[in-house]
Amino acid sequence: MKLSVCMMFRSDARYLKEWVCFHELMGVSKFYLYHQGTTESQDGWQDVLQPYIAQGIVDLKRWPYAFHHSGGRNAHIDANQDCIDRLKGQDGFLAFIDSDEMLFSPRYD
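About the cut-offs
- Residues numbered from 1 in each chain as written.
- Predicted model: local features only at pLDDT ≥ 70, side-chain atom pairs only at ≥ 80, totals over all residues.
- Heavy atoms only, no water.
- Salt bridge = Lys/Arg side-chain N within 4 Å of Asp/Glu carboxyl O.
- Helix = DSSP H or I, 4+ residues; strand = E, 2+ residues; numbered from the N terminus.
- Buried < 20%, exposed > 50% of the residue type's maximum accessible area, 1.4 Å probe, protein only.
- Pairing = 2+ DSSP bridges.
- Axes fitted to C-alpha atoms, helices over the stretch in contact; angles between N-to-C directions.
- Contact = heavy atoms within 4.5 Å.
- Parallel < 35°, antiparallel > 145°, perpendicular 65-115°, else oblique.
- Left-handed = near helix turned anticlockwise from the far one by under 90°.
- Nonpolar A, V, L, I, M, F, W, Y, C, P; charged D, E, K, R; others polar.

(A) Representation of the pattern of salt bridges in the model. According to the stated counting rule, one finds four salt bridges in the structure shown. When the shortest N-O distance is used, the salt bridge between Arg86 and Asp82 registers 3.9 Å. Highlighted residues: Arg86 and Asp82, both in helix H3 (residues 75-87), separated by four residues, approximately one helical turn. Using a relative accessible area of 29% as the deciding quantity, one classes Arg86 as partly exposed. Here Asp82 falls in the buried class, since its relative accessible area comes to 17%. A salt bridge links Lys88 to Asp85; the shortest N-O distance between them is 3.7 Å.

Put into structure tokens, the structure is as follows:
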């Protein structure tokens, strides 16, 4: 079964390459990443993710909402729901994790 990961990030460029590479080794086939915030973070995340975007491994979506946007909703929860809606009806599993979390399977070859 296909395993995908959904994550919202901001100012995490120094961890993104390791995070993506590690999870590829653990069997993740697709990453749905949401860049959070109304202003552009200046840490170079675009350069880090561009090769993975070009390969089709990373699907990037700009999520311009602050942590809490109008209506009192949480932007992180809304982004997760957006990801669920986008993948509805597809086979596989979807994990929701943060950039400081690593999924590890002791049974994975």
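Having put the structure on the table, let's press on.
(B) Representation of the sheet that holds strand S3 (residues 58-63) within the structure. Ordered by their spatial adjacency, four strands build an open sheet running S3-S2-S1-S4, and the pairing between neighbours is parallel. Both edges of this open sheet fall to S3 and strand S4 (93-96), since each of them pairs with a single strand only. Here the average twist between neighbouring strands, direction ignored, is 20 degrees. Sheet topology places strand S2 (residues 28-36) next to S3; six bridges connect them, and they run parallel.

(C) Main features of unusual backbone geometry. For Ser11, which is not glycine, the phi dihedral falls at a positive 60 degrees. With respect to the secondary-structure elements, Ser11 resides in the loop between strand S1 (3-9) and helix H1 (13-25). Residue classification places Ser11 among the partly exposed residues on the basis of a relative accessible area of 45%.

(D) Structural context of the side chain of Ser4. Within the secondary structure layout, Ser4 lies in strand S1. We classify Ser4 as buried; its relative accessible area is 4%. Sequence-distant contacts of Ser4, that is, excluding residues within four places in its chain, are made with Val28, Lys30, Tyr32, Phe93, Leu94 and Ala95.

(E) Layout of the environment of Leu49. With respect to the helices and strands, the residue Leu49 is situated in helix H2 (residues 45-55). For Leu49, a relative accessible area of 0% corresponds to the buried category. In the structure, Leu49 is positioned 32 residues away from Lys17 in sequence and 7.4 Å away in space, judged by C-alpha atoms. Contact partners of Leu49, with chain neighbours within four places excluded, come to Phe9, Leu16, Val20, Leu33 and Leu60.

(F) How the structure looks around the packing of H1 against H2. Put simply, H1 and H2 touch, their axes get as near as 8 Å, and they point 20 degrees apart. If you check the angle between H1 and H2, you find them roughly parallel. Two packed elements cross with a definite hand, and for H1 against H2 that hand is right-handed. Of the residues in H2, those touching H1 at Ala13, Leu16, Lys17, Val20, Cys21 and Glu24 are Trp45, Val48, Leu49 and Tyr52. Each residue belonging to the contact of H1 with H2 can be placed in one class, and the counts come to eight nonpolar, no polar and two charged.

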